[in-house]
Amino acid sequence: MRSDYYPTPEHTPLPAPPEPPRPRRQARPGVRLLCTLLVLAAVSVGGHFLWSALPGGTLPPLETGEPAQPLPTTPSESPAVDRAPLGDGTTLLFSPQPTGEPWSLQEIYQANLPSIVSVRGFREEGWSLGTGVIMSQDGYIITNSHVIELCSRLSVVLWDDRSYSAALVGRDGQTDLAVLKIDCDGLTPAQFGDSTGIQVGDMAVAIGNPLGDKLRGTMTDGIISAINRDVDVEGRTMTLIQTNAALNSGNSGGALINAFGQVVGITNMKMQSYTTPVEGLGFAIPTATVKTVVDALIAEGVVGGRPTIGITVQTVTPQQRSDLECPQGAYIVSVDRRSDAWARGLRPGDVIVEANGSAVAATGDLLAAKEGLGVGDILTLRVWRAGYEQTLNVALVEQYTLED
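Just so you know, these numbers come straight off a predicted model, no measurement behind them.

Caption draft 1: Representation of the overall build of the protein. Scanning the protein from N- to C-terminus turns up six helices and 25 strands. In the protein, which comprises 404 residues, the share counted as buried stands at 53%. By element, 53% of the accessible surface of the protein is carried by carbon and sulfur atoms, the whole surface being about 17000 Å².

Caption draft 2: Summary view of unusual backbone geometry. Even without being glycine, L211 reaches a positive phi, approximately 65°. Assessed through its relative accessible area of 36%, L211 is described here as partly exposed. Of note in this structure, N228 is not a glycine but carries a positive phi near 55°. Relative to the assigned elements, N228 resides in strand β13 (residues 218-233).

Caption draft 3: Region of the structure containing the nonpolar core. Counting residues in hydrophobic clusters, the biggest one holds 34 residues, and the most contacted among them are V133, I142, V263 and V290. Sort the elements by how many residues they give to this core and helix α3 (residues 287-300) lands first, with five residues. Beyond its immediate sequence surroundings of up to four residues, V290 is in contact with L92, I142, L177, I266 and I285. Grouped together as the second largest cluster of nonpolar side chains are 20 residues, L346, L366, A369 and L379 included.

Caption draft 4: Layout of helix α6 (residues 363-370). If you check which residues of α6 are buried, you get L366, A369 and K370. Burial along α6 is one-sided: seen end-on, the buried residues are contained in an arc of 100°. Check the buried side of α6 and you find it contacts β18 (307-308), β19 (310-315), β20 (330-335), β21 (351-355) and β23 (378-385). At the exit of α6 stands G372, carrying a positive phi of roughly 85°.

Caption draft 5: Expanded view of the pattern of salt bridges. Considering all chains together, one arrives at nine salt bridges under this definition. The partner of D336 in a salt bridge is R338, and the shortest N-O contact between them spans 2.8 Å. Classification of D336 by relative accessible area gives buried; the value is 3%. The exposure class assigned to R338 is partly exposed, which follows from its relative accessible area of 28%. Among the salt bridges present, the one from R382 reaches E389, with a minimum N-O distance of 3.2 Å. Exposure remark for R382: the relative accessible area of 28% places this residue in the partly exposed category.

Caption draft 6: Structural view of the confidence of the model for the protein. On average, residues of the protein carry a pLDDT of 82, and 80% of them reach 70 or more. pLDDT under 50 marks residues 1-6. Its contacts with residues more than four places away, or in other chains, come to 36 contacts. Low confidence marks residues 11-79, where pLDDT is under 50. Its contacts with residues over four positions away, or in another chain, come to 206 contacts.

Caption draft 7: Just the packing of aromatic side chains, in detail. For the structure shown, the criterion picks out one aromatic pair. K181 extends its terminal NZ or CZ atom over the ring of Y140, reaching a point 5.3 Å from the ring centre.

Caption draft 8: Inspection of the pairing of strand β17 (residues 282-286) at higher detail. Burial runs high along β17: five of the five residues are buried. Judged from the three bridges that link them, strand β14 (residues 236-243) and β17 form a sheet pairing that is antiparallel. Paired with Q242 across the bridge in β17 is F283. Relative to β17, strand β16 (residues 263-273) is paired through five bridges, and the arrangement is antiparallel.

Definitions and limits used
Residues numbered from 1 in each chain as written. Predicted model: local features only at pLDDT ≥ 70, side-chain atom pairs only at ≥ 80, totals over all residues. Heavy atoms only, no water. Helix = DSSP H or I, 4+ residues; strand = E, 2+ residues; numbered from the N terminus. Buried < 20%, exposed > 50% of the residue type's maximum accessible area, 1.4 Å probe, protein only. Areas by Shrake-Rupley, 256 points an atom, 1.4 Å probe, with all protein chains shown as cover. Core = buried A, V, L, I, M, F, W, Y, C linked by side-chain atoms within 4.5 Å. Contact = heavy atoms within 4.5 Å. Arc of directions from axis to C-beta. Salt bridge = Lys/Arg side-chain N within 4 Å of Asp/Glu carboxyl O. pLDDT = per-residue confidence, 0-100. Phe/Tyr/Trp six-rings, centres within 6.5 Å; stacked < 30°, edge-to-face > 60°. Lys NZ or Arg CZ within 6 Å of the ring centre and 35° of its normal. Pairing = 2+ DSSP bridges.

Next up, the structure:
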């Protein structure tokens, strides 16, 4: 069975409406699910292993098979998108879990509906429609990064149909989180709870906008199906909450809520299969992660301290070994064209066979060699291409410098 994880915004090719008026944590062991993140309407979540190389020699050209093609330059965040000021001291606060009886579904819905918004992002091909959660009474809003990625204009529609232009505070493709800011006071922020206290079997409800604006404010219910679920997506791992509360296209950036009306996760993807019906496998970013990332975005606009490589890789398969007559190792799927790795000559189709003196037989070995290194530290890589091998010294760089 082939299963795929889909982010869940709604991408509708509509003409642009007029400009609206302006008025991280210790994870428990989990099951690693190898998956491909397919994005609706050709929207990329991003999240590569990113790298930079020191001056040195270049590898010989690929001589057998199809020539490796350069990865097209990923468009940057459009310069037309408004950016919000940073560093006003706002942080995401957790409320203590109430004592007493759990709330009714009706109480949960009525308390949270005013805190759920529609998020619209304008792209050349149309609108990206998703959900957002109000974080503060003065207009900070949390959503998913993939909802607003590559958008040149952003707007937010409140539950009472008021519409505001939104400025981007910052976004983080690694965790699929973004923070927006609208010029409005007196909003109703959601009550956020600490996700480290949730347990499998706890009641959970999701509130969001499936199918974009068509079914705004929809609530679905279920349970917490798993916690600290490690999901491997395009060469990176996201540790998520799993739930059987129904999620659909447009729920991205919405709220996963506990039995006391507290937001404990930001919904961001679901599992689907081309061959077998799949039901009740939705995922949300836990608030323990959300707080770390959101606080950093509001303070600095980026999340620093992530040394990255510059490539996406997969373990060489038996078929690749036979077809390419290549050694076992980490097969390079893509190279970020903005990275120094591209300038050094690394290309898709190359195979990393050694890192810092240790053999690389699988992608996990490459990650292990990188573990504990910081920005500016060096990885010494032995790289194979079409029968040739060469050693390259690679300096790790901040991931955010290659995301936007």
